[in-house]
Amino acid sequence: MLKKSDQSNEKKREKEIEKLVKKLTLDEKIAMIHGASLFRSGAVERLGIPAIETSDGPMGVRAEFMDDRWIPAGNQDDMVSYLPSNSALASTWNTELAHDMGYVLGAEARGRGKDVILAPGINIKRDPRCGRNFEYMTEDPQLAAALVVPFVKGVQENDVAACVKHFAANMQETDRMMVDEQIDERTLYELYLPAFKAAVQEAGTYSIMGAYNKINGFHCCENKKLLDEILRKEWGFDGAVISDWGGVHKTKEAAECSMDLEMSVYPDFDEYRLANPLKELIQKGEVSVEMVDAKVKNLLRLMYRLKMIGPKKDDRKAGAYNAPKHREMILKTAQESMILLKNEKHALPLHAKKIRKLVVIGANAAKVHSNGGGSAEIKALYEVCPLAGLKMYLGGNTEVKYVKGYYVPEEIQTEENWQATSLDEAEGLAVGQAVRTDEAGNQERHRKGEEERLARMEKEKAEVHQKNEKLFAQAIEAAKDADAVIFVGGMNHVIECEGYDRSDMKLPYEQDLLIEQLLKVRKDVILTFVGGSTVEMPWRDQAQAILWSYYAGMETGNAFAKIIFGEVNPSGKLAETFPAKYEDCVTAKNGQFGVWGKVSLEEGLYCGYRYYDRQHIAPAFCFGHGLSYTDFEYSGLTLKSEKGKSVKLTFSVKNVGKCAGAETVQVYIAPIAAKTDRPDKELKAFAKVELGAGRSKKVSLTLKQEDFAYFDESLHKFIADAGDYEILVGASSEDIRLRGIATLS
Ligand code: BGC
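Residues numbered from 1 in each chain as written. Predicted model: local features only at pLDDT ≥ 70, side-chain atom pairs only at ≥ 80, totals over all residues. Heavy atoms only, no water.

Turning our eyes to something else, we now look at the overall build of the protein. A count of helices and strands for the protein gives 19 helices and 26 strands. The C-alpha extent of the protein, read off along each of the three principal axes, is 80 × 70 × 50 Å. For the protein, the proportion of its 745 residues judged to be buried stands at 63%. A separation threshold of at least 6 residues defines the contact pool for the protein, and within that pool the share at least 24 residues apart is 76%. (Helix = DSSP H or I, 4+ residues; strand = E, 2+ residues; numbered from the N terminus. Buried < 20%, exposed > 50% of the residue type's maximum accessible area, 1.4 Å probe, protein only. Contact = heavy atoms within 4.5 Å.)

Below is the structure:
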């Protein structure tokens, strides 16, 4: 419930909005609800209504673009802090850091004069090959919800709106504009919507981005069920819905549902569906003006909330970009995001003083990633790569020899921005200009573009193979003559990027072959990776140490070095399963390899660990897994049912090793004798506990009634059945340390 003073302020605001709407002409209203430039809506200067300035994206505020071309403006003042990707953030399992990263992003967006930052991306990871998985958080709805709430609050503390994307079920890039995700209602409500609902109801996000894809036959940006029934009516959203760029297809449909602002990639702004075509329908009496008014009201409300208009206009925060304190927070997040997957024989940490000669092998040691990936690309003020981080850490007394190890083809440099062509591949355009054509033609060109890309990659494979012979030999020779060897491999944004999916789950450029050869000459090679989504690790049994880093922002190399040399104890845990091989994945089973047209989520709720559990498939590294340089013991679980409605858990965690560390304790529920089909276990709570060596702490967590609930389709609501539930407390989804039974009455 709102306080009385807030209620009266809201009433006043709504009255003001009503008044403004009455003053607007139809043309002015229409100008407000579609893009007037690639990233800006139309303003109404006469009434002091400003344009809404939007910007990508999730890892920092994107460079400025020209108004009507997908060409960077070429400014020197738009470099920014490069934040850890959402996949890195999620691996911290740290809600405070989620808040901090939201705060930094919001402050930088405001600092750059933006009103809406097009982030965070929270789609559930269903297929490990999705080209945008690096931008998303996790395969688990509860974890995504827990992190998105503080993130959005952090953004919005800066008088900037978060634009939570992509609503909803945008889980593949192949055919992303047309693909129809066929999802049953229970799965939608239990897996693909909860994080969005939390962003709306718990975080109060001011805006949401409608996704490109269709759900059950209707494009998300024109989907009445999604936008009107669920988002507005069921969840009570009164913020603004912004389309993904080019996500609106039909004028009448978009006009008549809760799609408030149409943005697109085309420079023909007057021809946007919610521009001249809408005006014509209104003039013919086919669409009512009230529909337009509703959109305008939602946008004006957004402006009030951001203090762009209204009585608090002079109090709007100024923001700041590239602030030193932002870099500190980014470093801390990067440190907590890196995941120690394996560490036998105390291979890590390395002892800097004992190493006279360090050999570093692998292209990702010397690679920066901030400038790629699609709309998440940014112009970073700087980015410390792992090799620089290691050298900066060690100083000059250790010889650091770097060899590339494997060949990475040169990136094709074009003058055009990928975004202009990713949605439309028409030839003969002015540089950076996208052109509108019919949907079938577009889809066909995408398909052709994808075929060409795959053919190019096949050709590159031959080139890689030929060049690798020499590079492998150099790497092996170098590895023999060193006190320690660190391999830094993984992926890059040519391999994983917006606009297409990976065609397999393998490390590119024959890295597996090189790793196998390296392990033959040195068992103690420290294997490290930078990447944005899961890969197969067929050599993992032979390896002693494996460290995984997602794209972790501008301080990646510094965080990396601190972990490698033990100044920081790793505490990241996987927010997604690393399956042993792609064939084990649910999308492989459903035969959805590069599917166009229709994707049927036949697996229902069985996505991520829910699927591997049910199928008894052992992953390479399970959801929630991540090691530390110390060990933790769990003990003394007590469960107290509170009036049979909620359950309070208490248990102790002790750091039984020799150094300080942090442990993420995870609570899963497993219904016993469920009346309906339920996943074997589901994450319901977690906490990150910092502990000095030898210290212990009591952890208390509460599971509420809704944590036990499932979505009942016939009643169209969440139901928690009475009965017994096993409560599993663990260090990962498979490393369950404590068990108890809770009864719900
Ligand atoms: C992406 C969005 C992005 C928008 C604006 C689209 O292609 O899907 O995530 O915010 O472009 O750049």
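Next comes the rest of the description.
For the rest of this paragraph, the subject is the side chain of E336. Tracing the sequence through the fold places E336 in helix α12 (residues 324-337). With sequence-adjacent residues up to four places away left out, E336 is seen in contact with S91, T92, N94, L97, S571, G572, K688 and E690.

With antiparallel pairing, four strands are arranged side by side in an open sheet as β21-β20-β25-β26. Two strands close off the open sheet at either side, each with one partner strand: β21 (682-691) and β26 (736-744). Sheet twist, expressed as the mean angle between neighbouring strand axes with direction ignored, is 20°. With six bridges joining them, strand β20 (residues 661-671) and strand β25 (residues 723-730) adopt antiparallel strand pairing. Bridge pairing in β25 links Q666 to G730. (Pairing = 2+ DSSP bridges. Axes fitted to C-alpha atoms, helices over the stretch in contact; angles between N-to-C directions.)

Right, let's get into the pattern of salt bridges. This model, assessed by the stated rule, comprises 53 salt bridges. With a shortest N-O distance of 3.2 Å, E576 and K125 are connected by a salt bridge. Of this pair, E576 sits in the loop between α17 (556-564) and α18 (586-589) while K125 sits in the loop between β4 (116-117) and α5 (141-156), and the two are 451 residues apart along the sequence. The exposure classification of E576 matches that of K125, with both residues buried. Here K480 and E477 are joined by a salt bridge, their closest N and O atoms 3.2 Å apart. With K480 and E477 both in helix α15 (residues 439-480) and three residues apart, this pair spans about one turn of that helix. (Salt bridge = Lys/Arg side-chain N within 4 Å of Asp/Glu carboxyl O.)

Here we take up empty space enclosed by the protein. Gaps left between atoms show up when a probe the size of a water molecule is rolled over them. Considering all chains together, one arrives at four cavities of 30 Å³ or more under this definition. Within this model, the largest cavity holds a volume of roughly 130 Å³. Considering the residues around the largest cavity, the lining is formed by 15 residues, among which K125, R126, P128, E139 and Y612 are closest to the centre. Taken together, the residues of the lining of the largest cavity sort by class into six nonpolar, four polar and five charged. Lining the second largest cavity we find 14 residues, and of these D127, R129, M171, Q172 and Q592 sit closest to its centre. Tallied by class, the residues present in the lining of the second largest cavity amount to four nonpolar, five polar and five charged. (1 Å grid on protein atoms, 1.4 Å probe; cavity = no way out; pocket = protein on both sides within 12 Å on 5 of 7 lines; lining within 4 Å. Points joined across faces, edges and corners; volume = space filled by probe spheres on them. Nonpolar A, V, L, I, M, F, W, Y, C, P; charged D, E, K, R; others polar.)

Of the volumes computed, that of the second largest pocket is approximately 1100 Å³. Lining the second largest pocket are 38 residues, and of these Q142, A145, E202, E706 and D707 sit closest to its centre. Of all the secondary structure elements, the ones that give two or more residues to the lining of the second largest pocket are α4 (95-111), α5, α6 (185-192), α7 (194-201), β21, β22 (696-703) and β24 (717-719). The greatest single-element share of the lining of the second largest pocket, amounting to seven residues, is contributed by β21. Its residues assigned to classes, the lining of the second largest pocket shows 17 nonpolar, six polar and 15 charged.

On to unusual backbone geometry. Going from D56 to G57, the amide bond is cis rather than trans, its omega being 0°. Inspection of the secondary structure puts G57 in the loop between β3 (54-55) and α3 (86-92). Each neighbour pair has its own omega, and for A119 with P120 the value is 0°, a cis peptide bond. Positionally, P120 belongs in the loop between β4 and α5. Notably, Y509 is not glycine yet its phi reads approximately 65°, a positive angle. Within the secondary structure, Y509 sits in the loop between β14 (484-490) and α16 (511-521). Look at E510: it is not a glycine, yet its phi comes out positive at around 65°. Note that E510 resides in the loop between β14 and α16.

In this section: the packing of aromatic side chains. Scanning the model with the defined rule gives 25 aromatic pairs in all. A ring pair is formed by W93 and F623, whose centres lie 5.5 Å apart and whose planes are at 55°; its orientation type is tilted. Residue W93 is located in the loop between α3 and α4, and its partner F623 is located in the loop between α19 (609-615) and β18 (632-642); the two are separated by 530 residues in the primary sequence. Just as W93 is buried, F623 falls in that class too. (Phe/Tyr/Trp six-rings, centres within 6.5 Å; stacked < 30°, edge-to-face > 60°.)

In this section: the domain arrangement of the protein. Domain annotation for the protein reports domain 1 (13-62 + 80-315) and domain 2 (632-744). The distance between the C-alpha centroids of domain 1 and domain 2 comes to 34 Å. Taking both sides of the interface into account, the surface hidden between domain 1 and domain 2 amounts to around 1400 Å²; carbon and sulfur atoms contribute 56%. The interface formed by domain 1 and domain 2 contains zero salt bridges. One can count eight residue pairs in polar contact (both at pLDDT 80 or more) joining domain 1 with domain 2. Only α5 and α6 provide two or more residues apiece to the side of domain 1 that touches domain 2. It is α6 that contributes the most residues to the side of domain 1 that touches domain 2, four residues altogether. Broken down by class, the residue content of the side of domain 1 that touches domain 2 amounts to four nonpolar, four polar and six charged. (Domains from an automatic or database assignment. Buried area = accessible area lost by both parts, 1.4 Å probe. Polar contact = N/O pair within 3.5 Å; in protein donor to acceptor, adjacent residues only side chain to side chain.)

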